[in-house]
Amino acid sequence: MHQGYYQSMGAADMAQLQATMQAIELACNSIQMHTNPTAAEATLLSLSQSPRPYQACQFILENSQLPNARFQAAGAIRDAAIREWGFLEPNDRRGLISFCLCFIMKNANSPEGYVLVKVASVAAQLLKRGWLDFTAAEKEAFFHEVEQAVQGSHGLDVQFAGISFLESLVSEFSPSTSTAMGLPREFHEQCRISLEQDYMKAFYCWVQYAAFNVSDRIIGANSEIPEVKVCSAALRLMLQILNWDFRGKNSIENSKRGMDIFYDGMKQENDSLRRSECILVQPGPAWRDVLISSGHVGWLLNFYTALRQKFSCEGYWLDCPLAVSARKLIVQFCSLTGTIFPSDSGEMQRQHLLQMLAGIVQWIEPPDAVSKAIKSGKSESELLDGCRALMSMATVTTPLVFDELLKSLRPYGTITLLSALMCEVIKDLMENRTEEETWSWVARDILLDTWTTLLMQLDASGHKHSLPPEGISAAANLFALIVESELRAASASAFNDEDEYDYLQASIAAMDERLSSYALIARAAVGATIPLLKELFSERIMRLHQGRGTSDPTETLEELYSLLLITGHVLADEGQGETPLVPKEIESHYSNVTEVDKHPVIVLSGSIIRFAEESLDPELRRYFFSPRLMEAVVWFLARWSSTYLMPPGESGENKGGYENYNNTQHLRGQTTNALVSFFGENDQGKAVLDVIIRISLSTLVSYPGEKDLQALTCCQLLHGLVKQKNIICHLVTLDSWRDLATAFTNERVLFSLNAAHQRSLAQTLAVSASGMKTSEASNQYIKSLTSHMTSALVELSSKNDLKAIAQQPDIILLVSCLLERLRGVARASEPRTQKAIYEMGFLVMNPVLIFLQAYKDESVVVYLLLKFVTDWVDGQIIYLEAQETAAVVDFSMRLLQLYSSNNIGKISVSLSNSLRSEADAEKYKDLRALLQLLSNLCSKDLVDFASEPIETYGTNISQVVYTGLHIVTPLITMDLLKYPKLCHSYFSLLSHMLEVYPEIIAQLNVEACSHILGTLDFGLHHQDIEVVDLCLRALRALASHHYKDRGDGKVGLGSHATSYKDADGKFHEGILGQFLRSLLRLLLFEDYSTDLVSSGADALLPLILCEQSVYQNLANELIERQVNQTFRSRLTNAFQSLITSNNLSSTLDRMNYQRFRKNLLSFLIEVRGFLRTV
């Protein structure tokens, strides 16, 4: 608005505007001075929430001398306009956007930049809000002024303001940075596609022109000039546009075509997980003229090089905004890929990358000189950006093309340069070991990601690319330096207690990512790296034995620890749920080695296994094998055995003694794969397996209290062995395995294992039963394994003095231990052993109930009892015959009733907050276990292998589960539902029950029904959208069941759905009417994710059909509240359209649901904004 407009207003109106401005200024000052902030915030909020505050906000923006007041006024324009957009006149919409644009242009030289940024952001948001409504001519009118500004027609300040507005606009249209407007995702997606296809390229050209026009002046100036600010902003916007997630027609087609157009070496993307971010730029062929053919890249590189040379003596320049923006844009150009390049066997992309590399290589070469300069104080930012550029290039090429790029400029390849850079970084890390993140830490991560990207790429045929000979040599040299660095660090940490070495004591899992990258480098040069590891390991073993009794072995043991981790990663992969194969690099490189004593992998593996076997000697164990070293040994055996030990499908005819191989003089015959055969079932596999089991038993018995070591042994090594079918059949035949089972039953020290390890070891031993030859043998094995558990619990529960002795610590420990073991066995349930495991649980049914009563005040034991029953039922229920199922159901109901009687009212309001919180946490775990038990019982109705129906024995699963819910739900308070896992478990079960058995609701008494439906209403307003979705699904099931049942002349939900007046004349609305009211309130007035609109529509339609009079009354109430006649008319039409548009009918079929979803979406867009205002 112009000042003349204000002058034409009446004195009263002007006074009102002045008063509003003063009130806002006073509120801003109060907040800044922390005086009465509550009242001040209320004043600011009133401006945003008042209807049509635009005149006052514009007055404040143009007249207030307080920047914060202008900032608040801009925000109020945004809030009000987004809220009232649906009933603003077209001229008003355009006027608000024009005002914001004129304001930032007119005040472009204002020192309060944050106010201009805010107004630009408001303009961008309003332009997006009306994007689908504005005509092309209207959009062009807005952008014409912006284009003139960006091209410099109105001076540098306005030029900078125009670029800043485009930054806000692109950010607003990007899904990841857009502002919530209460509109469906489809709206944002349509805006994004439109901007990308119609304007994004034009924006880029505008700022490209702006940067080009000021670049010569910047290069020629002897000091910083205003053009620098404009150029930095232009480069920053170009980078923002290149970072855009292009999804237009061309890029979609490109993603479908995959890599066919780059068959000869270029590639599009890489699936490897990395620490450093690399965003691929894939704008499609329409951008080729702007980004490739125009010479734009050459200008950018030359511009940066010229500035770099000019300011070479100014160390600060590398980190100034202009240099940083230019380098980031250059790095982003390195990841340009996709159909922007023609189908010319990747030639244009090669030329593009070569051009990029020619400009970047001067940042990082020679590596030793660059590293030295950084140590002397030069900024590391240019080197790090150079490393990022190499990673981007590696992402879009194959290793061969990547390596060839530099050979056009230097006598060596890019991989050699990459290796040299990494070597300098490793050297700096060796010299400066600290926990603080230095430049070399960052560079190491980026360069490791580059190596990972190169070495994990697959070509079109699925075979791994191999490095050229020069690259293999570079990888070998780099790996040797890496190992030297790791060993030196390990040795230095042996006697150093300072914090700077704490990272060396990190867990194996914490170092896994870095070691996996090292392993890829080693495998690229496997012919040199595995012999190196073999030699280093042999040297340390020899040094250890030679110095026995005469020198401290700590340094050597730390080096062995490090070597075991590195070697384990090089030789084998983790597997991630599947049996890992021998790495292809190892398999292919050593495929022709037929003599085992000359096979480096066999020799290295044998050396480590023999060293591990020495831990069985008590004296050597005391000298050498600390718990920390044993962790590495056990970890290595677990990882190695999953790949090499008795691999599936191997076969071999040659047999020989393990002892002979220990003498290293055992030659093998001509076999097709010496590596696989040697550790196979027909050769040394059983002997090695026996050694591993004996080491495992020794570890569990000889290192009590070492939880990390026990975890590796129980949860990784032993558990991993029984998961392999090719191993398990041999495992159960070994005396060492029987010794382990016997020790598990009898050794007191194994009762000291913590809960998780007890459970894991029991499960592992039980799973091994599947390796028996017959099912009878498997079931007998389970009985033998569990007899000590069941007999001990039965005996203890039958003691007359149980109440007196139950609270003794040793008895509690024994019961807890036995229950954990039972849980482990229960989790091992499978068809072959189901009978024995069922009998195990059947034997302890009564003891469980007795212990539940005896330990009602011991929350830990109660939880273990519940978890055992839950796990046991989960593993058994689908296999049980009807009679057995009836027994299990009866037992479960007794358990639920006993738990309920012991715990109702136990959480008292008189408890202190801390005690109540602790009690809540205990009940949360218990109730979640009980809900899981009920869910497990539900599965019987879904999957049942019984020969006769369960109803034969008078048991109905749905009735049982509802009874269980009736027992459990009084214990579930609203406070307990704040625990996410319990909340999800409860509503998952409730939703399932109401969807599958809605008729049972009619059979519940009023109290039980009220509680269940009360929690359902609570879930409707939950912050977790998954919980809300579950509740909406339950509501749909209830309402649709009632509607269909009533249509068939049945009772539906019966009295629960009927409204009535009580004896006092008080009106009680039926549950469906209540939920209709609650759901409409949620959809119209509350905040929720737009993802829930479809689920809300599916619940709302049957509710409306069931309660049409309630719907009409609710609509009339809302309409009557509207004072504004326009609002009243629009709301009336919207309510009518909701139930009539799109030929909506009164059926509940799929097509009708789809029509109603569209109706509801239109309804909410039409009325939600102004209903929340008035």
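Residues numbered from 1 in each chain as written. Predicted model: local features only at pLDDT ≥ 70, side-chain atom pairs only at ≥ 80, totals over all residues. Heavy atoms only, no water.

Caption draft 1: Layout of the overall build of the protein chain. On a plain count of helices and strands, the protein chain comes out with 54 helices and two strands. Residues counted as buried form 54% of the 1174 residues belonging to the protein chain. Sequence separation of 24 or more characterises 77% of the internal contacts of the protein chain that already satisfy a separation of 6 or more. Only carbon and sulfur atoms are counted for the fraction: they give 50% of the accessible area of the protein chain, which is about 50100 Å². (Helix = DSSP H or I, 4+ residues; strand = E, 2+ residues; numbered from the N terminus. Buried < 20%, exposed > 50% of the residue type's maximum accessible area, 1.4 Å probe, protein only. Contact = heavy atoms within 4.5 Å. Areas by Shrake-Rupley, 256 points an atom, 1.4 Å probe, with all protein chains shown as cover.)

Caption draft 2: Quick look at the packing of aromatic side chains. Summed over all chains, the structure comprises 31 aromatic pairs. Summarising the aromatic geometry, the rings of Phe 143 and Phe 203 are spaced 5.3 Å apart at their centres and angled 65 degrees between planes, so their arrangement reads as edge-to-face. With a gap of 60 residues between them, Phe 143 in helix α8 (residues 136–150) and Phe 203 in helix α11 (residues 200–220) connect regions that are remote in the sequence. By relative accessible area, Phe 203 is classed as buried at 0%. Ring geometry for Phe 537 against Phe 611: centres 5.9 Å apart, planes inclined by 85 degrees, an arrangement best described as edge-to-face. (Phe/Tyr/Trp six-rings, centres within 6.5 Å; stacked < 30°, edge-to-face > 60°.)

Caption draft 3: Spotlight on helix α19 (residues 381–396). Under the 1.5 Å per step criterion, the end-to-end length of α19 is 23 Å for 16 residues, consistent within 8% with the ideal 22 Å. The buried count for α19 comes to 15 of 16 residues, which makes it a mostly enclosed element. (Expected span 1.5 Å × (residues − 1).)

Caption draft 4: The arrangement of the pattern of salt bridges in detail. Counting across every chain of the model gives 50 salt bridges. Close ionic contact of Arg 639 with Asp 512 constitutes a salt bridge, the shortest N to O distance being 3.9 Å. A residue pair is termed long-range when its members are at least 10 positions apart, and Arg 639 in helix α30 (residues 627–644) and Asp 512 in helix α24 (residues 508–524) qualify at 127 residues. Between Arg 1130 and Glu 1166 there is a salt bridge, and its shortest N-O distance comes to 2.9 Å. In this pair, Arg 1130 sits in helix α53 (residues 1125–1138) while Glu 1166 sits in helix α54 (residues 1150–1171), placing the two residues 36 residues apart along the sequence. Overall, Glu 1166 belongs to the partly exposed group, its relative accessible area being 35%. (Salt bridge = Lys/Arg side-chain N within 4 Å of Asp/Glu carboxyl O.)

Caption draft 5: View of the packing of helix α52 (residues 1108–1121) against α53. Between α52 and α53, the shortest axis-to-axis distance is 9 Å and the interhelical angle comes to 165 degrees. By the angle class used here, α52 and α53 are roughly antiparallel. Relative to α53, the crossing made by α52 is right-handed. Residues Tyr 1111, Ala 1115, Leu 1118, Ile 1119 and Glu 1120 of α52 touch α53, and the partners they reach there are Arg 1128, Leu 1131, Thr 1132, Phe 1135 and Leu 1138. When the residues that make up the contact of α52 with α53 are grouped by side-chain class, the tally is seven nonpolar, one polar and two charged. (Axes fitted to C-alpha atoms, helices over the stretch in contact; angles between N-to-C directions. Parallel < 35°, antiparallel > 145°, perpendicular 65-115°, else oblique. Left-handed = near helix turned anticlockwise from the far one by under 90°. Nonpolar A, V, L, I, M, F, W, Y, C, P; charged D, E, K, R; others polar.)

Caption draft 6: Highlighting the nonpolar core. Of all hydrophobic cores here, the largest spans 399 residues; its most connected members are Phe 165, Trp 737 and Trp 872. Here Trp 872 is in contact with Ala 826, Ile 837, Tyr 838, Met 840, Gly 841, Phe 842, Met 845, Val 888 and Phe 891, once residues within four sequence places are set aside. (Core = buried A, V, L, I, M, F, W, Y, C linked by side-chain atoms within 4.5 Å.)

Caption draft 7: Structural context of unusual backbone geometry. Omega for the bond connecting Glu 365 with Pro 366 falls within 30 degrees of zero, at -10 degrees, which places this linkage in the cis form. Phi at His 34 is positive, roughly 60 degrees, even though this residue is not glycine. Given a relative accessible area of 68%, His 34 falls into the exposed group. Even without being glycine, Ser 345 reaches a positive phi, approximately 60 degrees.

Caption draft 8: Looking closely at helix α20 (residues 399–407). Looking at α20, one finds that the buried residues are Pro 399, Val 401, Phe 402, Asp 403, Leu 405 and Leu 406. Buried positions along α20 lie against α17 (347–364), α19, α21 (414–431) and α22 (439–455).

Caption draft 9: Inspection of the confidence of the model for the protein chain at higher detail. Of all residues in the protein chain, 89% have pLDDT values of 70 or greater, and the mean over the chain is 86. Of all secondary-structure elements in the protein chain, the lowest mean pLDDT belongs to helix α13 (residues 249–257), at 40, while helix α12 (residues 227–242) reaches the highest, 96. Below pLDDT 50 for its whole length, residues 250–273 participates in 64 contacts with residues either more than four positions away or in separate chains. Counting interchain partners and residues more than four positions distant, the pLDDT-below-50 stretch residues 651–672 has 46 contacts. (pLDDT = per-residue confidence, 0-100.)

Caption draft 10: Expanded view of the side chain of Glu 172. Residue position: Glu 172 is located in helix α9 (residues 156–173). Despite its burial, Glu 172 pairs with no opposite charge, the nearest such side chain being Lys 128 at 4.1 Å. Within the local environment of Glu 172, its side chain forms a polar contact with the side chain of Thr 179, the two groups lying 2.8 Å apart. In this structure, Glu 172 is in contact with Ala 124, Gln 125, Lys 128, Ser 178, Thr 179 and Met 181, ignoring residues within four places of it in sequence. (Lys, Arg positive; Asp, Glu negative; His and termini not counted. Polar contact = N/O pair within 3.5 Å; in protein donor to acceptor, adjacent residues only side chain to side chain.)

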